[in-house]
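Letter by letter, the chains look like this.
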Amino acid sequence: MKKEKYNVAVVGVTGAVGEQMREVLEERLFPVGELRFLASERSAGQFLPFNGNRVRVEVLDEDSFEGIDVALFSAGGSVSAKFASAAVAAGSVVIDNTAYFRMEPDIPLVVPEVNASEIANYKTRGVIANPNCSTIQMVVALKPIHDAARIKRVVVSTYQSVSGAGRKAMEELSHQVAALFNGKEVEKEKFPHQIAFNCIPHIDVFTDGGYTKEELKMVNETRKILGEPSLRITATTVRVPVFCSHSESVNVETEKKLTAADVKAILRKAPGVMVADEPEKNVYPMAIDATGTDAIFVGRIREDDSVPNGINLWVVADNLRKGAALNAVQIAEILIRDYL
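Residues numbered from 1 in each chain as written. Predicted model: local features only at pLDDT ≥ 70, side-chain atom pairs only at ≥ 80, totals over all residues. Heavy atoms only, no water.

Turning to the overall build of the protein chain, a few remarks are in order. Within the protein chain, the regular secondary structure consists of nine helices and 13 strands. Along the three orthogonal principal directions, the C-alpha set of the protein chain runs to about 60 × 60 × 45 Å. Counting all 340 residues of the protein chain, 51% fall into the buried class. Of the contacts made within the protein chain by residues no fewer than 6 positions apart, 67% connect residues no fewer than 24 positions apart. Roughly 15400 Å² of accessible area belongs to the protein chain as shown, and the carbon and sulfur atoms make up 49% of that amount. (Helix = DSSP H or I, 4+ residues; strand = E, 2+ residues; numbered from the N terminus. Buried < 20%, exposed > 50% of the residue type's maximum accessible area, 1.4 Å probe, protein only. Contact = heavy atoms within 4.5 Å. Areas by Shrake-Rupley, 256 points an atom, 1.4 Å probe, with all protein chains shown as cover.)

Structure below.
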């Protein structure tokens, strides 16, 4: 017999993504019974609003998950590594927003609009992984094109907001802008260079091949989500001085010819996608318009004349919502509807 309400824990509730998880649960009327907010000792004791009530933030420990049905984790990979197993042992299903579990072969890596059927495989380990924010928005746009014409190759360059690096990164951008306007010295902590009025082609650490881990996440996660382990894909990820929402230039080669009109028609029918493509009216996706919304916005759709079957896309989404919190809650919604 289906339950009417489910007990939910949010791990890392005081972080930028945790805050969005709390808001999305409330906005989407998730059937929450008991709600447990969990964080480090530094954040414990404060009260956060939910559905007209105030919920106290508790200290995360191995005994935090008794009676919890769904545990949403967004407190860093080391926290997931330490506490996810305790949550599963207590009977919770973990939906993890960190990179810790994503590439493990027996952990489903899920974007509901793309591969929701993978949620059924949560029973193996009791964990479902939320992909990287930049991967999520790209695969939502790619999947309907792949279904229609089979993608051969993807070249993506990202323009990622500072919120992807957390609340302190947002504060650093704000402080640097203020310092520059007031003739003061710029202080750097979260980024290796000044981020204000600058673009930094460096997200996460560099690997031996010259790619960053963020770039390799996009490659490997996209292959796993689309079920195409040999898909040819390359990425360059760049941090830009924008507070929220990631933008991506995506070049796609397909086996079957698609015109720009074909792609627009396909994407207009695609779940989770909003086509914003009227360049003659200066209508195209922008970070300031995507922020606070749930859709993946796609525009600047045009044929790549340098190859026989090429398409260019400009893809924008709120990285804290669809890129993290909303995707996790959508997974939870399907989980309780079909499996719990």
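So much for the structure itself; the text now carries on.
Attention now moves to the side chain of Asn 130. Among the structural elements, Asn 130 can be located in the loop between strand S7 (127-129) and helix H4 (133-149). On the accessibility criterion, Asn 130 (0% relative accessible area) is buried. Among the polar contacts made by the side chain of Asn 130, one reaches the side chain of Asn 97 at a distance of 2.8 Å. Within the local environment of Asn 130, its side chain forms a polar contact with the backbone oxygen of Ala 324, the two atoms lying 2.9 Å apart. Not counting the four nearest positions on each side in its chain, Asn 130 is found in contact with Asp 96, Asn 97, Thr 98, Arg 102, Leu 109, Val 110, Ala 324, Asn 327, Ala 328 and Ile 331. (Polar contact = N/O pair within 3.5 Å; in protein donor to acceptor, adjacent residues only side chain to side chain.)

Their axes nearest at 9 Å, the elements H4 and helix H7 (residues 260-268) cross at an angle of 120°. Classed by the angle they form, the pair H4 and H7 counts as oblique. In this structure, H4 meets H7 at a crossing whose hand is right-handed. When H4 is examined against H7, the residues Ala 141, Pro 144, Ile 145 and Ala 148 are found in contact with a partner set consisting of Val 263, Ile 266 and Leu 267. A breakdown of the residues in the contact of H4 with H7 according to their chemical character gives seven nonpolar, no polar and no charged. (Axes fitted to C-alpha atoms, helices over the stretch in contact; angles between N-to-C directions. Parallel < 35°, antiparallel > 145°, perpendicular 65-115°, else oblique. Left-handed = near helix turned anticlockwise from the far one by under 90°. Nonpolar A, V, L, I, M, F, W, Y, C, P; charged D, E, K, R; others polar.)

Moving residue by residue along a regular strand, the side chains alternate between the two faces of the sheet. Counted residue by residue, strand S1 (residues 6-11) has six buried out of six residues, so it is predominantly covered. Of the two faces of S1, the one carrying Tyr 6, Val 8 and Val 10 and the one carrying Asn 7, Ala 9 and Val 11 are both buried. Across five bridges, the pairing between S1 and strand S2 (residues 32-39) is parallel. By the bridge assignment for S2, Val 11 is matched with Leu 38. Pairing of S1 with strand S5 (residues 70-73), which is carried by four bridges, proceeds in the parallel orientation. Its bridge partner lying in S5, Val 8 is registered against Val 70. (Pairing = 2+ DSSP bridges.)

All right, on to the sheet that holds strand S6 (residues 93-96) then. Across the sheet, seven strands lie side by side as S3-S4-S2-S1-S5-S6-S7; this open sheet has mixed pairing. Taken across any chain shown, the strands that pair with only one partner, and hence form the sheet edges, are strand S3 (47-50) and S7. Strand-to-strand, the axes of this sheet are offset by a mean angle of 25°, without reference to chain direction. Helix H2 (residues 77-89) contacts S1, S5, S6 and S7 of the sheet and is inclined by roughly 180° relative to S5. Docked against the sheet, helix H9 (residues 321-338) engages S1, S5, S6 and S7, running at close to 165° with respect to S5.

Turning to a nonpolar patch on the surface, a few remarks are in order. A contiguous nonpolar surface patch, about 360 Å² in accessible area, is contributed by Leu 180, Phe 181 and Phe 197. Residue position: Phe 181 is located in helix H5 (residues 167-181). (Patch = residues over 30% accessible without salt bridge, like charges linked within 9 Å, V, L, I, M, F, W, Y side chains within 5 Å. Salt bridge = Lys/Arg side-chain N within 4 Å of Asp/Glu carboxyl O.)

A complete count under the given rule lists 19 salt bridges for this structure. We note a salt bridge from Glu 214 to Lys 217, for which the minimum N-O separation is 3.7 Å. Of the two residues, Glu 214 and Lys 217 are both situated in helix H6 (residues 213-226); the distance of three residues between them amounts to about one turn of the helix. Measuring nitrogen to oxygen at the nearest pair gives 3.2 Å for the salt bridge that ties Lys 257 to Glu 303. Residue Lys 257 is located in the loop between strand S10 (246-254) and H7, and its partner Glu 303 is located in strand S12 (residues 296-304); the two are separated by 46 residues in the primary sequence. A single network of salt bridges, built from pairs that share partners, joins Glu 27, Asp 294 and Arg 321.

To continue, consider H6. Taking 1.5 Å of rise per residue, the 14 residues of H6 would be expected to cover 20 Å, and the 20 Å separating its terminal C-alpha atoms lies within 8% of that figure. Within the span of H6, buried status applies to Glu 214, Glu 215, Met 218, Val 219, Glu 221, Thr 222, Ile 225 and Leu 226. Next to the buried residues of H6 lie helix H3 (112-115), H4, strand S8 (151-160), strand S9 (232-239) and S10. (Expected span 1.5 Å × (residues − 1).)

On to the state of the cysteines, then. Enumeration over the complete set of coordinates arrives at zero disulfides. Cys 199 takes part in no disulfide bond, and the closest cysteine sulfur to it belongs to Cys 133, at a distance of 17 Å. Of all cysteine sulfurs, the one in Cys 133 lies closest to Cys 244, which takes part in no disulfide; the gap is 9.9 Å. (Disulfide = S-S within 2.5 Å.)

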